[in-house]
Amino acid sequence: MSSAIPLNVGIARSAGVGNALAEGGKRVLLAEPRGYCAGVDRAVETVEKALDKHGAPIYVRKEIVHNRHVVETLRDRGVIFVDETDQVPEGAVVVFSAHGVSPAVHASAAARSLHTIDATCPLVTKVHQEAKRFARDDYDILLIGHEGHEEVEGTAGEAPEHVQLVDGPGAVDNVNVRDESKVIWLSQTTLSVDETMETVQRLRERFPALQDPPSDDICYATQNRQVAVKAMAPECDLVIVVGSRNSSNSVRLVEVALGAGAKAAYLVDFAREVDPAWLDGVRTIGITSGASVPEILVRGVLDMLAEHGYGEVQPVTTANETLVFALPRELRDARR
């Protein structure tokens, strides 16, 4: 799991750092933790081990994780990404993405005799179990999340007759429930903590008996990355978040950076997408990456910035992550 350690490093303005900046010095604040979370690491390794075991091609429903580099790299190795299971040849191997799928998708795969390997993040599976549990108890379940996101579709599919999607605070007024004494909220795991709690507060104003989930639904990695960005953003003229535009947690990091005081913040997949014009007049740049981003992409941005005079890199550490998830059972023997 993640454990808090003393906030350090680099954001306190010591005399040396302050003088360097006053003389026009440039620096990078590098958020820790950043990048791959345990669920993403498990999902990517699941596909790699499935390739080793079964050979190419194997199929993956949707993107295994929301990152262009990861998807393109796996495609080059023989992975075929599809939108639905009916695009997979009967009897073939298909991996379900880290975002989870609904029971209907499992049923569709079974009807086609597909060999399924489920790479759903265990923290997403936890939310699925909560949805099933409270549906059995006949609760109205208010699922806070973004419409159309694969994780939301999978969770809602566990109990469609009980789940209502609440897409942000502005959607609260449209919610209707059968019994105000039996209402609970759940959430997509990759949301902004602050926006989610604003939505919960507005829901509670309408439904005072609203119950909280048994444990946090927003995953530890999402929260940790947002905390690190909040710690460094007030010091930053610019924050660069490495991540893909369809990555919810990466998009949220840009929003969190701006909300926490960064003067500007941008999302990029690769170093080549950094516009040199963004660096005009900028002394302190914060760097972080979404939970589905391999570290090589962050290193590419750091190298690019070093070429523009940002050679001083100071870490901003707010947590230490040690959680590891086991591979799906059918692949565990193949793990190194």
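Residues numbered from 1 in each chain as written. Predicted model: local features only at pLDDT ≥ 70, side-chain atom pairs only at ≥ 80, totals over all residues. Heavy atoms only, no water.

Caption draft 1: Region of interest: the sheet that holds strand β9 (residues 183-187). Across the sheet, which stays open at both edges, the 3 strands sit in the order β8-β7-β9 with parallel pairing between neighbours. Looking at strand neighbours, the two that pair on one side only are β8 (163-166) and β9, the edges of this open sheet. Neighbour-to-neighbour, the strand axes of this sheet turn through a mean angle of 30°, independent of strand direction. Looking at chain direction, strand β7 (residues 140-144) and β9 are connected through 5 bridges and run parallel. When the sheet's bridge partners are listed, Ile141 is paired in β9 with Ile184. With respect to the sheet, helix α5 (residues 122-136) is in contact with β7 and β9, its orientation differing from that of β9 by roughly 165°. The strands that helix α7 (residues 193-206) touches are β7, β8 and β9; relative to β7, the one it contacts most, it runs at about 150°. (Pairing = 2+ DSSP bridges. Helix = DSSP H or I, 4+ residues; strand = E, 2+ residues; numbered from the N terminus. Axes fitted to C-alpha atoms, helices over the stretch in contact; angles between N-to-C directions. Contact = heavy atoms within 4.5 Å.)

Caption draft 2: Molecular detail of the sheet that holds strand β5 (residues 93-96). Reading across from one edge, β4-β3-β5-β6 is the order of the 4 strands in this open sheet, with parallel pairing throughout. Looking along the sheet, the strands with just one partner apiece sit at the ends: β4 (79-82) and β6 (115-118). Between one strand axis and the next, the sheet turns by 30° as a mean value, whatever way the strands run. Across 4 bridges, the pairing between strand β3 (residues 58-61) and β4 is parallel. For Tyr59, the partnering residue across the bridge sits in β4 and is Ile80.

Caption draft 3: Fine view of the packing of helix α8 (residues 220-232) against helix α9 (residues 248-259). For the pair α8 and α9, the least separation of the axes is 9 Å and the interaxial angle reads 25°. When the axes of α8 and α9 are compared, the pair comes out roughly parallel. Classified by chirality, the crossing of α9 by α8 is right-handed. Along the contact surface, α8 presents Thr222, Arg225, Gln226, Val229 and Lys230, while α9 presents Asn249, Arg252, Leu253, Val256 and Ala257. (Parallel < 35°, antiparallel > 145°, perpendicular 65-115°, else oblique. Left-handed = near helix turned anticlockwise from the far one by under 90°.)

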